[in-house]
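# Remarks on the overall topology
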Amino acid sequence: YVYVIRSGMVVLEDSREDGTTRLVRLLMSSDPVGIETVLDDKHSYDHTAIVLRGAEICKIPYLVFKKLLEDNPPFNQQIMEAWHRQLESADQVIREFSTGTVHDRVVGVLYRQAESAMRRNLVEIEMISVEDISALIGAARESISRVMATIKRDSVLEKSGPNRMRYDWAKLKRLAGR
């Protein structure tokens, strides 16, 4: 199957030979998951997908997805663009979430979420847990909690509901150095 996230968030996790895992990608609404199976005769997935706090997922059988790619050039183009965004996202995880200060890495995660929300004309982001941010950027939960407290105190984020935060785009952009 190939999946499309209708709402919510999914993380992709890579398992290592020593039994440890590392989050490698954060996927959000409208992102496809598992498109690598289209190129693989065995239809195997590269990573384990984990749904964060409930998500609506559309499950598309492999043969239906493959036929859509073949018969519908606009759909094919959309999928290729989504795949390209995912590759850029993977590069971003390596580049931005693995190096620099904990503050900069946390801001990078928040910036990416806000950027995705803005593309969908949303004024708030769904927050991922401190544990998930920790796994994504490879930092201690306590350090992330301190950074999040500072960001909230500076009114960059404001709680707007359960697991939801309204963001100040200008302040977040400035924090991210963009």
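Residues numbered from 1 in each chain as written. Predicted model: local features only at pLDDT ≥ 70, side-chain atom pairs only at ≥ 80, totals over all residues. Heavy atoms only, no water.

## Digging into the packing of aromatic side chains
Convention followed: Within 6.5 Å between ring centres, the rings of Phe, Tyr and Trp (the latter by its six-membered ring) count as paired, and their orientation is classed by plane angle as stacked under 30 degrees, edge-to-face over 60, tilted in between. Segments assigned H or I by DSSP are reported as helices when at least four residues long, segments assigned E as strands when at least two residues long, and all are numbered from the N terminus. We call a residue buried when its accessible area falls under 20% of the maximum for its residue type, exposed when it is over 50%, and partly exposed in between, using a 1.4 Å probe and counting protein chains only. In this scheme, the term charge over a ring applies when either NZ of a lysine or CZ of an arginine sits within 6 Å of the ring centre and within 35 degrees of the ring normal.
Across all of its chains, the model carries four aromatic pairs by this definition. With a centroid separation of 5.0 Å and an interplanar angle of 25 degrees, the aromatic rings of Y111 and W169 are classed as stacked. Of this pair, Y111 sits in helix α3 (residues 102-119) while W169 sits in helix α6 (residues 169-175), and the two are 58 residues apart along the sequence. With a relative accessible area of 7%, Y111 lands in the buried category. Arranged with centres 6.4 Å apart and planes meeting at 75 degrees, the rings of Y167 and W169 form a pair that is edge-to-face. Y167 gets classed as buried once you look at its relative accessible area, which sits at 12%. Taken together, Y111, Y167 and W169 form an aromatic cluster joined through their ring pairs. Stacked on the ring of Y1, the Lys or Arg K59 has its end atom at 4.1 Å from the ring centre.

## Remarks on the nonpolar core
As a reminder of what qualifies: As used here, the term nonpolar core means buried Ala, Val, Leu, Ile, Met, Phe, Trp, Tyr and Cys residues forming a set that is joined through side-chain atoms within 4.5 Å. By the convention used here, residues are in contact when the closest approach between their heavy atoms is within 4.5 Å.
Residues V106, L110, I125, I137, I144, I151 and L157 are the most contacted members of the largest nonpolar core, which totals 32 residues. Counting only elements with at least two residues in this core, the list comes to β1 (2-15), β2 (21-27), α3, α4 (130-137), α5 (141-153) and β7 (164-167). Counting residues per element, this core draws most heavily on α3, which supplies eight residues. Every residue in contact with I144, bar those within four places of it in the chain, is listed here: V102, V106, V130, I133, S134, I137 and A139. Core analysis: the next-biggest nonpolar cluster, separate from the first, contains eight residues, V38, I60, L69 and I79 among them.

## Quick look at the environment of K67
Looking at where K67 falls in the secondary structure, it is placed in helix α1 (residues 62-71). Take K67: its relative accessible area is 49%, and that puts it in the partly exposed class. Residues K67 and V93 lie 26 residues apart in sequence; the distance between their C-alpha atoms is 32 Å.

## A short note on the environment of P32
Within the element layout of this structure, P32 appears in strand β3 (residues 32-33). Remark: the alpha-carbon pair of P32 and T150, spanning 118 residues in sequence, is separated by 34 Å. Not counting residues within four places of it along the chain, the set of residues in contact with P32 comprises Y3, V4, L27, A82 and Q86.

## Let's talk about the sheet that holds strand β5 (residues 124-126)
As a reminder of what qualifies: Being paired, for any two strands, means DSSP has found at least two bridges between them. An axis is simply a line fitted to the C-alpha atoms; with a helix, the fit covers only the stretch in contact. Between two such axes, the angle follows the N-to-C directions and lies from 0 to 180 degrees.
Taken together, the three strands give an open sheet; going across it, the order is β5-β7-β6, and neighbouring strands pair in antiparallel fashion. The two strands at the open ends of the sheet, each matched to only one other strand, are β5 and β6 (157-161). The average angle at which neighbouring strand axes cross in this sheet is 40 degrees, direction not considered. As paired elements, β5 and β7 share three bridges and run antiparallel to each other. What sits directly across from E126, in β7, is R164. The strands touched by α3 within the sheet are β5, β6 and β7, with β5 carrying the most contacts at an inclination of about 120 degrees.

Purely spatial values, then, with no claim about function.
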